[in-house]
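Single-letter residue listing:
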Amino acid sequence: MFIKLLKKMGFNLQESSWILYDVANSAQTLTTMTVLFPLLIGFIAPENEGSIWVGWGNTIYALILAFLSPVLGTIADYKDKKMKFFKFFLAVGIVGGFLLALPIFDYRTCVVIYVIAMIGYTAANIFYDAFLVDVTTDERMHKVSSAGYAWGYIGSAIPFCIFIIPFAIVTFFGDANGDLVLGGFTLTYRMAIMISMLAAVFWWAYHSRPFIKNVKQLHYHEEEDHFVRKSFQRLADSFRNIKKNRNIFTFCIAYFFYIDAVNTVISMAVSLVTDMGVSDVVSLMVVIFINIIACPGAIIFGKLTDKFGGKPMIFMAIAGYFIVVLVGSQIYRNTNLIWALGFLVGCFQGGIQAVSRSYYTLLIPNKEDTNEYFGFFEIFSKFSAILGPFIITIVVTITERAEYGILGLIPSLVIGALLLAFVKDPKKQVKG
């Protein structure tokens, strides 16, 4: 159904299959990683420690991926390796997601499983992002990248509203412990989370099939003898080349800082606002609201990027996130501000991610090295995913005030914007 609709909108089979994977994995991100996992940890962890443990989980998996991603990326640039690596980590993520749904009540065990699931999910996304160069042309890069995020948001919001029904039922109608007696059957809070998580995992697995079937690696290096050892040699050479290519290196450093705020808001927003007094029910409603806004937001952002260029639109999104941080820090004063926060996040979240991805792709000098460059790109992305949660976790631990931790994201936004000013637009960037 999705493929046919996307093809009617002017995307070819490969582009449509690539976009559909964003629909597949975004439902898992929204249902399990953004909403249910933080609520689960908040439910089973000691009181007021939910955001701390979610922060440590995100910090640990990001640290592991930061070291793995460049090595994986370099090896996967050889012929037929990119899809093999994608399928392996997809399987790790799906199995991890299934295990996380099991009725485990030890919060430390849940955090460990979450780390494994996130390694699989995020590593698969490294190769998914790198396939962008294989499915479309330079002229359509911004459009296809933005469509991925746009369809990911709306394609995750619809199943999310279905998957979350068991959890919503116990939240609305359950007793003080979150349990609901239905005849002779008791639907517990933990059981409702398990059902919702399992539904998201099955959605992710099912809608990944067109990507695996239809997307092929077009740009690659021919396989060599001892390709693993030579991959490490290429990795060292590429790192030296990236350092020499000041434009790419500067963009990666800028991205490291500004995406820190974006990743941290995505991964820790539910835990933080819950600690500031926002109810589980309102949190769920705001998450749906964000995704409804984010779909047209990403599409509009992509169209504006074609007109004004990637860098100006990234600047606009950074400014938007600066306001997000300020509004978020005041939610403890007035929980109704969560709706203003949701609207702003919806406007800028998909746009800054999509444009950053396509803008970086256009900066890469050789398409055959795309996966390798995205491996390095992932270093900066993952280390930034460590920085934000770590800062917030430490600040919240010391002050016991979630709002103080959010303000710690401001320096990252400022530094990212300053460094981005020194990045030169790629010659092949297309503006209408």
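The structure under discussion appears in the preceding block.
If you're wondering where the values come from, they're calculated on a predicted model, not measured in any experiment. Sequence order as written defines the numbering, with residues in each chain counted from 1. Side-chain atom pairs in this predicted model are given and counted only at pLDDT of 80 or more, local residue features only at pLDDT of at least 70, and totals for whole chains, interfaces and linings cover all residues. Working from all heavy atoms in the structure, the side-chain values ignore hydrogens and water.

### Topic: the packing of aromatic side chains
Part 1 of the reasoning: Pairing of aromatic rings covers Phe, Tyr and Trp, the last through its six-membered ring, and needs centres within 6.5 Å; plane angles under 30 degrees mean stacked, over 60 mean edge-to-face, and all others mean tilted. Enumeration according to the criterion identifies 20 aromatic pairs in this entry.
Part 2 of the reasoning: Seen in terms of ring centroids, Tyr21 and Tyr128 are 5.0 Å apart; in terms of plane orientation they differ by 55 degrees. Their pairing is tilted. Residue Tyr21 is located in helix H2 (residues 13-44), and its partner Tyr128 is located in helix H5 (residues 107-130); the two are separated by 107 residues in the primary sequence.
Part 3 of the reasoning: Between the aromatic rings of Phe131 and Phe211, the centroid separation amounts to 5.4 Å while the plane-to-plane angle is 85 degrees, which identifies the pairing as edge-to-face. Here Phe131, found in the loop between H5 and helix H6 (132-135), pairs with Phe211, found in helix H10 (residues 209-214); they are 80 residues apart in sequence, far enough to count as distant. Exposure class is identical for Phe131 and Phe211. Each is buried.
Part 4 of the reasoning: Taken together, the ring pairs in this structure connect Trp18, Tyr21, Phe86, Tyr128, Phe131 and Phe211 into an aromatic cluster.
Part 5 of the reasoning: Here, a charge over a ring is recorded when the distance from Lys NZ or Arg CZ to the ring centre is within 6 Å and its angle to the ring normal is within 35 degrees. If you follow Lys82 out to its NZ or CZ, it ends over the ring of Phe131, 4.7 Å from the centre. We count a stretch as a helix when DSSP gives it H or I for four or more residues in a row; a strand needs E for two or more, and each element gets its number in order from the N terminus. Here's how the labels work: a residue is buried when its accessible area is under 20% of the maximum for its type, exposed when over 50%, partly exposed in between, all with a 1.4 Å probe on protein chains only.

### Here we look at helix H9 (residues 189-206)
Part 1 of the reasoning: When the terminal C-alpha atoms of H9 are compared, their 26 Å separation across 18 residues agrees well with the 26 Å that a helix rising 1.5 Å per residue should span.
Part 2 of the reasoning: Every buried residue of H9 is listed here: Tyr189, Arg190, Ala192, Ile193, Met194, Ser196, Met197, Ala200, Val201, Trp203 and Trp204. Given a helix with a known number of residues, its expected span is that number minus one, times 1.5 Å.

### Some remarks on a nonpolar patch on the surface
Part 1 of the reasoning: Taken together, the side chains of Trp56, Ile60, Ile64, Leu68, Phe390, Ile394 and Ile398 present a nonpolar region at the surface, about 590 Å² in accessible area.
Part 2 of the reasoning: Listing elements by their share of the nonpolar patch, those giving two or more residues are helix H3 (50-76) and helix H16 (370-399).
Part 3 of the reasoning: Top element by residues in the nonpolar patch is H3. It accounts for 4 residues.
Part 4 of the reasoning: Tracing the backbone through its elements, the reader meets Ile394 in helix H16.
Part 5 of the reasoning: A relative accessible area of 32% places Ile394 in the partly exposed class. Any residue with relative accessible area above 30% and no salt bridge may belong to a patch, with like charges joined within 9 Å and the nonpolar Val, Leu, Ile, Met, Phe, Trp and Tyr side chains within 5 Å. In this description, accessible areas are obtained by the Shrake-Rupley approach with a 1.4 Å probe, and a residue is regarded as covered only by the protein chains that are shown. Think of a salt bridge as a Lys or Arg side-chain nitrogen and an Asp or Glu carboxyl oxygen that are within 4 Å of each other.

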